[in-house]
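# Breakdown of the fold
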Amino acid sequence: MKEKIQTGAGKAPAAIGPYSQAIRVGSLIYTSGQIPINPATGALVEGGIKEQTRQSLLNIKAILEEAGVTLDNVVKTTVFMADMNDFAEMNAVYAEFFSEPYPARSAVAVKSLPKGSLVEIEVVCSAM
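Attention here is on the structure that accompanies the text. In this text, all values refer to a predicted model and were calculated from it rather than measured experimentally.

What counts, and where the lines are drawn
- Residues numbered from 1 in each chain as written.
- Predicted model: local features only at pLDDT ≥ 70, side-chain atom pairs only at ≥ 80, totals over all residues.
- Heavy atoms only, no water.
- 1 Å grid on protein atoms, 1.4 Å probe; cavity = no way out; pocket = protein on both sides within 12 Å on 5 of 7 lines; lining within 4 Å.
- Points joined across faces, edges and corners; volume = space filled by probe spheres on them.
- Nonpolar A, V, L, I, M, F, W, Y, C, P; charged D, E, K, R; others polar.
- Helix = DSSP H or I, 4+ residues; strand = E, 2+ residues; numbered from the N terminus.
- Expected span 1.5 Å × (residues − 1).
- Buried < 20%, exposed > 50% of the residue type's maximum accessible area, 1.4 Å probe, protein only.
- Contact = heavy atoms within 4.5 Å.
- Phe/Tyr/Trp six-rings, centres within 6.5 Å; stacked < 30°, edge-to-face > 60°.
- Lys NZ or Arg CZ within 6 Å of the ring centre and 35° of its normal.
- Pairing = 2+ DSSP bridges.
- Axes fitted to C-alpha atoms, helices over the stretch in contact; angles between N-to-C directions.
- Salt bridge = Lys/Arg side-chain N within 4 Å of Asp/Glu carboxyl O.

## So, the layout of surface pockets
- In this structure, the largest pocket encloses a volume near 280 Å³.
- Around the largest pocket sit 15 residues that line it, and Pro13, Ala14, Tyr19, Ile35 and Ile37 are the ones nearest its centre.
- Looking at the lining of the largest pocket residue by residue, the classes come out as 9 nonpolar, 4 polar and 2 charged.

Right under this line is the structure:
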């Protein structure tokens, strides 16, 4: 059975379509992709890939905290980027949020992302 995970107002951007911020199925938690929306303003954060990566990961962190877990429980991430030339800067910020053993990760370039974002990140997390 699946359980919806939803943060309180101002903690992470609310879902704006027919999807959930995250779903728990058994001991696994799947987040929807998080773009760098400031949950307090509802606007895309200003700055480049570093600022946008940081906000996307802060949004994920808030969703996971709502589920009672932390970034240490993340087993897999997928990073979607508008420009693969931003990889090194994204990776530097990403490394601030995760520690050994690092989650498995895929990073791909895509044609475009919602709201003109430079990055979108989703995670799979073990609640065990």
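## What about helix α1 (residues 49-66)?
- Between its terminal C-alpha atoms α1 stretches 26 Å, which fits the 26 Å expected from 18 residues at 1.5 Å a residue.
- Among all positions of α1, only Ile49, Gln52, Thr53, Gln55, Ser56, Leu57, Asn59, Ile60, Ala62, Ile63 and Leu64 are buried.
- Contacts made by the buried residues of α1 are with β1 (2-5), β2 (22-25), β3 (28-31), β4 (74-81), α2 (87-97) and β6 (119-126).
- Backbone geometry just after α1 places glycine 68 at a positive phi near 85°.

## Observations concerning the packing of aromatic side chains
- Under the criterion given, the structure shown has 1 aromatic pair.
- A ring pair is formed by tyrosine 94 and phenylalanine 98, whose centres lie 4.6 Å apart and whose planes are at 35°; its orientation type is tilted.
- Looking at arginine 105, its charged tip hangs above the ring of tyrosine 94, at a distance of 4.5 Å from the centre.

## Things to note about the sheet that holds β4
- The strand order across the open sheet formed by 6 strands is β1-β2-β3-β6-β4-β5, and the pairing between neighbours is mixed. Across the chains shown, the open sheet's two edge strands, defined by having one partner strand only, are β1 and β5 (104-109). Averaged over all pairs of adjacent strands, the angle between their axes in this sheet comes to 15°, without regard to strand direction.
- Both β4 and β6 contribute to a ladder of 7 bridges, which runs antiparallel. For valine 79, the partnering residue across the bridge sits in β6 and is isoleucine 121.
- Docked against the sheet, α1 engages β1, β2, β3, β4 and β6, running at close to 30° with respect to β6.

## As for the environment of valine 93
- Within the secondary structure, valine 93 is located in helix α2.
- Its relative accessible area of 1% is what places valine 93 among the buried residues.
- With 43 residues separating them in the primary sequence, valine 93 and lysine 50 have C-alpha atoms 6.2 Å apart.
- Excluding residues within four positions of it along the chain, valine 93 makes contact with Lys50, Thr53 and Arg54.

## Focus: the pattern of salt bridges
- One pass over the full model with this rule turns up 2 salt bridges.
- Across the salt bridge formed by glutamate 3 and arginine 24, the nearest N and O atoms sit 3.4 Å from each other. Of this pair, glutamate 3 sits in strand β1 while arginine 24 sits in strand β2, and the two are 21 residues apart along the sequence.
- The shortest N-O distance in the salt bridge between arginine 54 and glutamate 96 comes to 2.8 Å. With arginine 54 in helix α1 and glutamate 96 in helix α2, this residue pair connects regions lying 42 residues apart in the sequence.
- Overall, the relative accessible area of 54% leaves glutamate 96 in the exposed class.

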